Amino acid sequence: MGKGDAGALEEVLYEGFGPGNTAVIVEAVTDNHLRTQTQVKNYFDKLGGRIGGPGSVAYQFKKNGFISVGKSGKTYDEFFSVAADCGADDVEESDGEVNIYTKPHDLHKVKLALEEKGLTILNAELIYRPITLIQIDKPELATKIVDFLNNLEDLDDVLKVYSNVDIII
């Protein structure tokens, strides 16, 4: 294909069910949505899932702004207070960082406010956050789910894969 032959890029969203009936959303950017749809559907079928139609799992997720911040010696309560003052909706502590959630339209504003307070932003993006998590405590099923999600993420056109899985092994 020569320079200038590529089609226009479009964002596409696929929904389906992974192993263990877990909800999965796949975000992709493609110049050929039929090719990408076929690849995603084939992976779902081949790896123990099933593709769904629009809206089949999206209701199980909420679009949020997501900001990851380095802990830098502060306590969870200090982060919570600063984040709330900056307009955040929710705060969760994670390994070595703090995750801050916002309304989608507030992401940039909250990010700037956190930077003004001297916090180190590691990442800021829009995500699909699961409303309710499905806890997986069986090692064999957990491995199958992780392999399924990783294989989807490895597809060329796929940007992000979201799931409502909480592995508690």
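Let me begin by describing the structure that accompanies this report. Just so it is clear, the model here is predicted, and its values are computed rather than measured. (Residues numbered from 1 in each chain as written. Predicted model: local features only at pLDDT ≥ 70, side-chain atom pairs only at ≥ 80, totals over all residues. Heavy atoms only, no water.)

## Side note on the overall build of the protein
At step 1: When helices and strands are counted, the protein shows four helices and 10 strands.
At step 2: Counting helices and strands in the order they occur from the N terminus, the protein gives β-β-α-β-β-α-β-β-α-β-β-α-β-β.
At step 3: Taken along its principal axes, the extent of the C-alpha atoms in the protein is 50 × 45 × 25 Å.
At step 4: When each of the 169 residues of the protein is scored for burial, the buried share is 39%.
At step 5: Residue pairs in contact within the protein that sit at least 24 positions apart in sequence constitute 70% of those at least 6 positions apart.
At step 6: When the accessible surface of the protein is summed, it comes to about 9700 Å², and 49% of that surface belongs to carbon and sulfur atoms.
At step 7: Both charge centroids of the protein, one from 17 positive and one from 28 negative side chains, sit 2 Å from each other. (Helix = DSSP H or I, 4+ residues; strand = E, 2+ residues; numbered from the N terminus. Buried < 20%, exposed > 50% of the residue type's maximum accessible area, 1.4 Å probe, protein only. Contact = heavy atoms within 4.5 Å. Areas by Shrake-Rupley, 256 points an atom, 1.4 Å probe, with all protein chains shown as cover. Lys, Arg positive; Asp, Glu negative; His and termini not counted. Charge placed at Lys NZ, Arg CZ, Asp CG, Glu CD.)

## A few points about the pairing of strand 4 (residues 61–70)
At step 1: The buried fraction of strand 4 is high, at eight of 10 residues.
At step 2: Direction of pairing for strand 4 relative to strand 7 (residues 121–130): antiparallel, over a ladder of nine bridges. Paired with Ile67 across the two strands is Ala124, which belongs to strand 7.
At step 3: Taken together, the six bridges between strand 4 and strand 6 (residues 97–102) define a ladder with antiparallel strand orientation. Bridge pairing in strand 6 places Gly65 opposite Thr102. (Pairing = 2+ DSSP bridges.)

So yeah, pure geometry; function would need other evidence.
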